[in-house]
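Each chain, letter by letter, is given below.
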Number of protein chains: 2
Amino acid sequence: MPECGLLVSAPGKVILHGEHAVVHGKAALAVALGLRTFLRLRPGGGERLRIHLPGVGVRREWDVAELRALRGRLTGGANACLVLRAVRHCTGCPERSPSPPVCLCFRDVPSVDITVWSELPTGAGLGSSAAYAVCLAAALLHACGAISCPLKDGEATARWTEEEMTLINSWAFQGERVIHGNPSGVDNAVGTWGGALRYQSGKITSLKRVPMLRILLTNTKVPRSTKVLVAGVKEKILKFPAIMNPVLDSIDAISQECQSVLEAMPTNPSPEYYPVLEELFDINQHHLNVIGVGHPSLDRLCRVTASHGLHSKLTGAGGGGCGITLLPPDATPLAVEAAKRDLCACGYECWETDIGAPGVTLHSSSSLNAQVLHALSES
Amino acid sequence: MPECGLLVSAPGKVILHGEHAVVHGKAALAVALGLRTFLRLRPGGGERLRIHLPGVGVRREWDVAELRALRGRLTGGANACLVLRAVRHCTGCPERSPSPPVCLCFRDVPSVDITVWSELPTGAGLGSSAAYAVCLAAALLHACGAISCPLKDGEATARWTEEEMTLINSWAFQGERVIHGNPSGVDNAVGTWGGALRYQSGKITSLKRVPMLRILLTNTKVPRSTKVLVAGVKEKILKFPAIMNPVLDSIDAISQECQSVLEAMPTNPSPEYYPVLEELFDINQHHLNVIGVGHPSLDRLCRVTASHGLHSKLTGAGGGGCGITLLPPDATPLAVEAAKRDLCACGYECWETDIGAPGVTLHSSSSLNAQVLHALSES
């Protein structure tokens, strides 16, 4: 471990197409977001495990001997889920799983100081908990020697092997189970592998390749309940099956078409690739309204960006929450700034970022910007 | 014929659901509009056939002997289409049919004065030409004794028998062929039978029964080409068949669902019947946007009425043109007035009327309002 400690990051995620339809067996495309969670792990002192989240003002610590004893008390072939249980307590996340799965165990509970800081807003459907779980899994697996340190001297960033990432992902998934009860596994997969993933009927596959695309991510800040929205869609399908099922089929075809377009795009796509992507955004936004997960705040978001020639759709649960806006390479900085200004004037929060970002990454300290380094240096 | 002459009216039409989808073999629902065309036929003098359309400032007349001679020159088993050809010339309608069908023939070209006045705007997709053709067919068939005079002394209005209406409709269809070349026959059928019709793959069937529903009809006055819009939809279907064909299926199911709801509604439906109709409006409006026939003016129309709790959709070709707004019985007059005011403030023209209106009707002069009577009394 370098002197500055181990520096790890993982991206958040957005759903590009297929939100809600995925619940009904259709495909969804999830993409890694340019906004990331960063973690620094340093050797700790005094046989304590310390976790500090300066961004949300949370600081917890446990006696490593007590955690080891707790692990010892857990029964069966089951290993302990000490660390992530600690994380759950630490983050104040309520236990949603009625019978928490045994989820994360290290042979030795290490004595370490962990600091986590995120660019991702929490509770906005952007996979912040998964990015956190991925960072934690990678850092702890590294701390106990289960995975290598691929970062060579002088390199800014490095990534683990496929095999190591599979291990990181499986531990991160257990972490997600502690936090969410019954997660789909998509968020931690995106956090681990980055790029874009297709998810259908429980099967997750990486897209062959996907370019980084500039977007605006906008949080309307309108609170909503994913559970209520999912139930509402189900109710609509039961009420009007002949009207709604074709809409789900159409959304499925949109995900398929989008996947084909993304896989055919070069790394630095020229503007001519965008009209189809924009058309698919517009169509899906209408479909999402049809299945009942739209919201006036999202209509407004779309209208505001349309007035600057930009195309948007809701992402995730809908009913408020976040929207994404494509920024084609020929969108002028002036138009983008004007769109951001108008969105902020609506009371929305707006990030200019990208999708198709890399997954879990090991960093040299020189590769992180000053803000991140500053946040992680708080102890 | 009463002394005041024969007074006939026929309704315009709007498409409730299925516009564009009908071109691709799906069902459409067409309903009779509360806005009507009125015709007065009086015995003429001097062996002349005179037609006067005071609303559009058109006045034409022909020598009956010349018309008879013209008919005589037409060949084959074919009868002459004198009267409607005269009408075509009279209205300045260009000949669209490459080989004009033999369309309307009366054994004797009558010497009559005809005045026509309409509440319907022309060229707005509201079936004004069909309402005109229906009125003309009914009046001329009556004038030459081919159909009865069902209006009894003291009655305000009367309608013809099914058999007589079938005759009126077939002549009106020939009139439409002269005007439009290759009409679907829906507009003249709605003008003749009124109420609501289902149209699919060339087959027209009347809905069992349909209540009169109050609506706002709004003309955005944005000009559009039906031909270009139809071609655009076809292009979208060819471009994205897997995305677009399910949308057409969904529209088809909307027409089916709407038909079921309408047929189950009592004559004076209570407000509880409306939420489903409104939901179907909202869904179809999204679908029509998806297939590419929306327009900012129509989005605005929907937004303006939504701000007053009312639901709208485009009707007909889209791309501008007209929209309809449901007015449930519990919509307050204040809300309706406010919606009309706001729509007019957008530069739109707005009528408070109804759908499900009666078809071709014979009137006593006392059953017509002063404005209509005044317009028809111009000579």
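Residues numbered from 1 in each chain as written. Chains lettered and ligands numbered in written order. Predicted model: local features only at pLDDT ≥ 70, side-chain atom pairs only at ≥ 80, totals over all residues. Heavy atoms only, no water.

- In the nomenclature of an unreviewed UniProt entry, chain A is known as Mevalonate kinase of Pavo cristatus.
- UniProt's Subcellular location (unreviewed entry) comment on chain A is quoted here verbatim: "Cytoplasm".
- Recorded in UniProt under Function (unreviewed entry), the annotation for chain A is "Catalyzes the phosphorylation of mevalonate to mevalonate 5-phosphate, a key step in isoprenoid and cholesterol biosynthesis." (UniProt positions renumbered as here; feature names shortened; annotations may be inferred.)

**Quick word on helix H10 (residues 333-345) of chain B**
All names here are of chain B.
- Taking 1.5 Å as the rise per residue, H10 with 13 residues should run 18 Å; its terminal C-alpha atoms sit 18 Å apart, in good agreement.
- For H10, the complete set of buried residues consists of Ala 335, Val 336, Ala 338, Ala 339, Lys 340 and Leu 343.
- Buried-residue contacts for H10 involve strand S9 (213-219), helix H9 (296-306) and strand S12 (349-355).
- Gly 347, located one to two residues past H10, shows a positive phi value of around 90 degrees. (Helix = DSSP H or I, 4+ residues; strand = E, 2+ residues; numbered from the N terminus. Expected span 1.5 Å × (residues − 1). Buried < 20%, exposed > 50% of the residue type's maximum accessible area, 1.4 Å probe, protein only. Contact = heavy atoms within 4.5 Å.)

**What to know about a positive patch on the surface**
- A contiguous patch of positive charge, built from A:Arg300, A:Arg303, B:Arg300 and B:Arg303, is present on the exposed surface.
- Those elements that provide at least two residues to the positive patch are helix H9 (296-306) of chain A together with H9 of chain B.
- Position of A:Arg300 among the secondary structure elements: in helix H9.
- The class for A:Arg300 is partly exposed, based on a relative accessible area of 38%. (Patch = residues over 30% accessible without salt bridge, like charges linked within 9 Å, V, L, I, M, F, W, Y side chains within 5 Å. Areas by Shrake-Rupley, 256 points an atom, 1.4 Å probe, with all protein chains shown as cover. Salt bridge = Lys/Arg side-chain N within 4 Å of Asp/Glu carboxyl O. Lys, Arg positive; Asp, Glu negative; His and termini not counted. Charge placed at Lys NZ, Arg CZ, Asp CG, Glu CD.)

**Here we look at the UniProt feature "domain: GHMP kinase N-terminal" (unreviewed entry) in chain A**
- Under the UniProt annotation, the feature "domain: GHMP kinase N-terminal" (unreviewed entry) is placed at residues 110-191 of chain A.
- Structurally, residues 110-191 of chain A comprises 50% helix and 11% strand, and the distance from its first C-alpha atom to its last is 24 Å.

**Quick word on the interface of chain A and chain B**
- With 22 residues of chain A in contact, the opposing surface of chain B contributes 22 residues.
- Taking both sides of the interface into account, the surface hidden between chain A and chain B amounts to around 1800 Å²; carbon and sulfur atoms contribute 72%.
- Of all residues in chain A, A:Ile243, A:Glu279 and A:His286 give up the largest surface area on contact with chain B, accounting jointly for 28% of the area buried on that side.
- One salt bridge in this structure joins B:Lys239 and A:Glu279, with 2.6 Å as the shortest N-O distance.
- Across the chain A-chain B interface, the total number found is 7 residue pairs in polar contact (both at pLDDT 80 or more).
- For the side of chain A that touches chain B, the elements supplying multiple residues, two or more each, are helix H6 (226-239), helix H7 (241-264) and helix H8 (274-290) of chain A.
- Among the elements that take part in the side of chain A that touches chain B, H7(A) stands out by supplying 10 residues, more than any other. (Buried area = accessible area lost by both parts, 1.4 Å probe. Polar contact = N/O pair within 3.5 Å; in protein donor to acceptor, adjacent residues only side chain to side chain.)

**Structural notes on the relation of the copies chain A and chain B**
- Mapping chain A onto chain B calls for a screw motion: a turn of 179 degrees about the axis and a shift of 0.0 Å along it, with 0.1 Å RMSD after fitting. Expressed as an axis order, the relation between the two copies is that of a two-fold axis.
- Comparing interface residues between copies, 100% of those in chain A also lie at the interface in chain B; the contact surface is shared. (Least-squares fit on C-alpha atoms with pLDDT ≥ 70 in both.)

**Some points on the packing of H9(A) against helix H10 (residues 333-345) of chain A**
All names here are of chain A.
- It is at 9 Å that the axes of H9 and H10 come closest, and there the two elements cross at 150 degrees. Considered as vectors, H9 and H10 are oriented roughly antiparallel to each other. H10 is crossed by H9, and the crossing has right-handed handedness. The segment H9 lies against H10, with Leu 301, Val 304 and Thr 305 engaging Ala 339, Asp 342 and Leu 343. (Axes fitted to C-alpha atoms, helices over the stretch in contact; angles between N-to-C directions. Parallel < 35°, antiparallel > 145°, perpendicular 65-115°, else oblique. Left-handed = near helix turned anticlockwise from the far one by under 90°.)

**Notes on the pairing of strand S8 (residues 203-206) of chain B**
Residue and element names in this part refer to chain B.
- Across 4 bridges, strand S7 (residues 196-200) lies against S8 in antiparallel orientation. Looking at the pairing, Leu 197 lines up with Ser 206 of S8.
- Between S7 and S8, which follow one another and run antiparallel, lie 2 residues, and Ser 201 among them has a positive phi close to 45 degrees. (Pairing = 2+ DSSP bridges.)

**What to know about the environment of A:Pro269**
All names here are of chain A.
- By the element assignment, Pro 269 lies in the loop between H7 and H8.
- Spatially, the C-alpha atom of Pro 269 lies 27 Å from that of Asn 188, the residues being 81 residues apart in sequence.
- Look past the residues within four positions of Pro 269 in its chain and what remains in contact with it is Pro 211, Leu 213, Tyr 274 and Pro 329.

**Remarks on the domain arrangement of chain A**
All names here are of chain A.
- When the domains of chain A are assigned, the result is domain 1 (6-206 + 356-377) and domain 2 (215-352).
- Note on domain 1 versus domain 2: buried area summed over both sides is about 2200 Å², and carbon and sulfur give 66% of it.
- The largest contributions to the domain 1 side of the interface with domain 2 come from His 17, Glu 19 and His 20, which together make up 30% of the buried area.
- At the junction of domain 1 with domain 2, the criterion picks out 2 salt bridges. (Domains from an automatic or database assignment.)

**Here's the deal with the side chain of B:Gln285**
Residue and element names in this part refer to chain B.
- Tracing the backbone through its elements, the reader meets Gln 285 in helix H8 (residues 274-290).
- With a relative accessible area of 6%, Gln 285 lands in the buried category.
- A distance of 2.7 Å separates a polar atom in the side chain of Gln 285 from the backbone nitrogen of Leu 314.
- Setting aside its immediate chain neighbours within four residues, Gln 285 contacts Leu 298, Asp 299, Cys 302, Ser 312, Lys 313 and Leu 314.

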